[in-house]
Amino acid sequence: MSQWKIKEAIERLKQGGLIIVADDDNREAEGDLVGLASAVTPEAINFIVKQARGLLCAPISAELAKRLELSEMLERNTDSFGTAFTVSVDHKETSTGISAFDRAKTIEELAKPTSMATDFNRPGHIFPLIAKDGGVLERRGHTEAAVDLAKLAGGPAAAYICEILNEDGSMARRPQLETLAEEWEMPLITVEELVTYLTVQEETSVKLPSAFGEFDLTLFEDQAGKEHLLLSKGAIKNADTPLLLRIHSECITGDIFGSHRCDCGEQLHEAMRLIEENGQGAILYLRQEGRGIGLKNKLRAYKLQENGLDTLEANVELGFKPDERDYRFAVQILNALGVKQVDLMTNNPDKIAELEALGIDVRKRIPLEIQPVTENAAYLKTKKDKFHHLLSF
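Everything numeric here is computed off the predicted structure, so don't read it as measured data.

Caption draft 1: Spotlight on the nonpolar core. In this structure, Ile20, Leu33, Tyr160 and Ile164 are the most contacted members of the largest nonpolar core, which totals 38 residues. Where this core is concerned, the elements lending two or more residues are β1 (19-22), α2 (42-51), β3 (57-60), α3 (62-67), α4 (100-111), β5 (120-130), β6 (159-163) and α6 (174-184). Here this core gets five residues from one element, more than from any other, and that element is α4. Every residue in contact with Leu33, bar those within four places of it in the chain, is listed here: Leu18, Ile19, Ile20, Phe47, Ile48, Ala52, Tyr160, Ile161, Cys162, Ile164, Trp184 and Met186. Grouped together as the second largest cluster of nonpolar side chains are 25 residues, Phe220, Ile333, Ile352 and Ile360 included.

Caption draft 2: Looking closely at the packing of helix α7 (residues 191-199) against helix α13 (residues 328-336). For the pair α7 and α13, the least separation of the axes is 9 Å and the interaxial angle reads 100°. By the angle class used here, α7 and α13 are roughly perpendicular. Residues Glu192, Val195, Thr196 and Thr199 of α7 pack against Phe329, Gln332, Asn335 and Ala336 of α13. A breakdown of the residues in the contact of α7 with α13 according to their chemical character gives three nonpolar, four polar and one charged.

Caption draft 3: Geometry of the state of the cysteines. Evaluation of the coordinates by the stated rule reveals zero disulfides. Among the cysteines around Cys57, which has no disulfide bond, Cys162 carries the closest sulfur, lying 7.6 Å off. In this model Cys262 remains outside any disulfide bridge; the closest cysteine sulfur is found in Cys264, 3.6 Å from its own. The buried category is assigned to Cys262, whose relative accessible area is 2%.

Caption draft 4: Up close: the side chain of Asp255. Secondary-structure assignment places Asp255 in helix α8 (residues 252-256). Buried and without a salt bridge, Asp255 has Lys298 as its closest oppositely charged side chain, separated by 7.5 Å. At 3.1 Å, the side chain of Asp255 forms a polar contact with the side chain of His248.

Caption draft 5: Geometry of empty space enclosed by the protein. The tally for this structure, following the rule as stated, stands at one cavity of 30 Å³ or more. Taken as a whole, the largest cavity holds about 50 Å³ of empty space. Looking at the largest cavity, the residues that line it are Ser61, Ala62, Ala131, Lys132, Asp133, Gly135, Glu144, Val147, Asp148 and Lys151. For the lining of the largest cavity, the element with the most residues is helix α5 (residues 142-152), which contributes four residues. Class assignment for the residues of the lining of the largest cavity results in three nonpolar, two polar and five charged.

Definitions and cut-offs
- Residues numbered from 1 in each chain as written.
- Predicted model: local features only at pLDDT ≥ 70, side-chain atom pairs only at ≥ 80, totals over all residues.
- Heavy atoms only, no water.
- Core = buried A, V, L, I, M, F, W, Y, C linked by side-chain atoms within 4.5 Å.
- Buried < 20%, exposed > 50% of the residue type's maximum accessible area, 1.4 Å probe, protein only.
- Helix = DSSP H or I, 4+ residues; strand = E, 2+ residues; numbered from the N terminus.
- Contact = heavy atoms within 4.5 Å.
- Axes fitted to C-alpha atoms, helices over the stretch in contact; angles between N-to-C directions.
- Parallel < 35°, antiparallel > 145°, perpendicular 65-115°, else oblique.
- Nonpolar A, V, L, I, M, F, W, Y, C, P; charged D, E, K, R; others polar.
- Disulfide = S-S within 2.5 Å.
- Lys, Arg positive; Asp, Glu negative; His and termini not counted.
- Salt bridge = Lys/Arg side-chain N within 4 Å of Asp/Glu carboxyl O.
- Polar contact = N/O pair within 3.5 Å; in protein donor to acceptor, adjacent residues only side chain to side chain.
- 1 Å grid on protein atoms, 1.4 Å probe; cavity = no way out; pocket = protein on both sides within 12 Å on 5 of 7 lines; lining within 4 Å.
- Points joined across faces, edges and corners; volume = space filled by probe spheres on them.

Just distances and angles here, no functional claims.
Written as structure tokens, this is what we have:
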């Protein structure tokens with residue numbers, strides 16, 4: 001489970017060790033050796049230079065960069081991923097600056113709270129990188145990952161990193177990184193796992209007896225402070241079999257008041273019934289009311305619908321996309337639970353496509369059709385014709 005892996009990596013870093021961090025396959029798809037600047041040793045630098053073979057850099061926070069008067073090397077950064085290099089530095093107490101001992105000294109001094117800008121010569125042999133303030137939640141790079149890990153370890157916001165190359169000079173990819181992690185006996189984590197660790201915080205879990213059976217209710221808080229719910233039954237963590245799952249976006253009017261303008265409340269209750277019947281499963285209840293536009297705008301959209309627009313046209317008229325929902329946080333929760341394969345209760349093919357694009361294997365779709373009533377017949381027809389929902393009526 002990613003939470004355990006991140007904690008193990010943090011402990012290794014605290015002890016002065018190195019770890020491997022791999023970024024996203026659709027980004028640079030590379031791995032870096034990472035260590036804490038405050039715990040750097042000449043031995044670790046020598047290992048990196050011999051084994052990793054890439055460019056040795058020192059990620060630091062923007063606050064630290066400002067204190068040491070380290071601004072970006074160029075005003076116009078044309079790097080493909082916007083890596084924020086500063087001018088290179090050597091600490092004034094080093095000799096040539098290039099030895100493992102000198103580079104360790106420079107990195108160590110970058111992390112010291114007493115260091116000043118005048119303590120460093122410029123240019124030098126260490127390349128500081130400025131991390132975004134939002135860390136990997138803002139930019140999913142090794143720079144931000146290293147600084148986030150340094151903060152999680154309780155030390156100064158400074159680290160050192162180096163890309164891992166194969167012996168032939170090519171970039172080491174995931175299979176090679178896994179082999180090296182085993183050979184070097186060090187943790188290997190991914191930026192995605194770090195994102196999950198930082199965003200998915202399980203706050204409270206309670207028993208919830210309901211009209212449909214006994215469930216567990218767990219609250220998760222996302223990075224924006226919004227609270228989402230997991231309604232589950234049975235052992236769902238790290239299960240070997242696909243999880244029976246419904247991802248349900250909040251609909252106060254349908255879920256609470258039983259509105260006939262939509263089929264949301266009935267879908268929620270049918271999903272609960274199916275999970276109880278199955279004896280195991282989960283509903284992720286996401287707080288994204290009105291296809292992600294919020295309750296106030298949803299009611300404004302209802303008013304437009306009363307004047308002749310359909311649900312898609314009303315959202316667009318208000319300046320929104322037809323569907324503003326985002327399922328990334330749902331996937332982060334699933335990753336934190338060790339869930340990789342699901343049987344998804346949905347009529348929405350776009351939801352399936354987004355989950356699969358984010359790494360969740362949707363083994364099969366379980367239809368969740370609710371028979372129309374007079375008030376929502378046009379709404380369901382729009383779902384079928386314009387949102388391409390898989391409905392038989």
